[in-house]
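Results of the structural survey
Chain by chain, the residues run as shown.
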Amino acid sequence: MKILIASYNAGKVEEFKALLGNSGYEIESLLDYPDIEEVAETGTTFEENARLKAETIAQRLHQVVIADDSGLMVDALNGAPGVYSARYSGEPKDDDRNNQKLLRELAEIEPGQRTARFVSCIVAAYPGHESLVVEGQVEGSILNQPQGKSGFGYDPLFYYPEQDRTFAQMALAEKNKISHRAKAFEKLQEAFAKWLEGLNDEISSDE
């Protein structure tokens, strides 16, 4: 079975492929379909945006699509950047600009008040079938300068206290054991086989 990851973000696609690597499915992404326009993320929650991407593209391609919407929520900023994490500093999306804006917004905030969490909502969709929705999150804090060269997005600023380092200081395999996306994916794995079984039953009954 083919599963499409509804993202043009190469870093995110790499993470999903690593997580799905031993699943036995053929994994594609929107990087393999350059003619498909990216779905506008007009939702106000991570779930709404993940649903929009997964369900819209599943309808277009008539296949199983997995999409996630994820982002950083900083307590001192009332949950910002939240669903606007990827475009926090405007268009076009730029990780460095986003990180610089975040540092400016937190310039007057004491270290102990810079608590934050990464949140990931993953949706698996197929036309005419109820979507599967899972969510994961991981707690940390925001440093006052980037550390590490791995990962993408806000990883260089996101300090994970349990390992005394940022996400950008971890290898992908290490990050994939503890990240918000890994936690959501673990829940997805627990429910995905049953969801696919129900999907196959529906398809068979329609034929």
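Criteria and thresholds
- Residues numbered from 1 in each chain as written.
- Predicted model: local features only at pLDDT ≥ 70, side-chain atom pairs only at ≥ 80, totals over all residues.
- Heavy atoms only, no water.
- UniProt positions renumbered as here; feature names shortened; annotations may be inferred.
- Buried < 20%, exposed > 50% of the residue type's maximum accessible area, 1.4 Å probe, protein only.
- Helix = DSSP H or I, 4+ residues; strand = E, 2+ residues; numbered from the N terminus.
- Arc of directions from axis to C-beta.
- Polar contact = N/O pair within 3.5 Å; in protein donor to acceptor, adjacent residues only side chain to side chain.
- Core = buried A, V, L, I, M, F, W, Y, C linked by side-chain atoms within 4.5 Å.
- Contact = heavy atoms within 4.5 Å.

In the nomenclature of an unreviewed UniProt entry, the protein chain is known as dITP/XTP pyrophosphatase of Ignavigranum ruoffiae. In UniProt, the protein chain has this text filed under Sequence similarities (unreviewed entry): "Belongs to the HAM1 NTPase family." The heading Subunit (unreviewed entry) in the UniProt record of the protein chain holds the text "Homodimer."

**Here's the deal with helix H1 (residues 10–19)**
Every buried residue of H1 is listed here: Lys12, Val13, Glu15, Phe16 and Leu19. Axial view of H1: buried residues confined to an arc of 160 degrees, hence all on one face. Of the residues flanking the start of H1, the one acting as N-cap is asparagine 9, its side-chain oxygen 2.9 Å from the backbone nitrogen of glycine 11.

**Quick look at the nonpolar core**
Membership of the largest hydrophobic core comes to 20 residues, with the highest contact counts inside it found for Val64, Ile66, Ile122, Leu188, Phe192 and Trp195. When contributions to this core are tallied by element, the ones reaching two or more residues are strand E1 (2–5), H1, strand E3 (64–74), strand E4 (115–126), strand E5 (129–142) and helix H5 (180–206). Leaving out residues up to four positions away in the same chain, isoleucine 122 has contacts with Phe16, Ile66, Ala67, Asp68, Leu132, Val133, Val134, Arg181, Ala184, Phe185 and Leu188.

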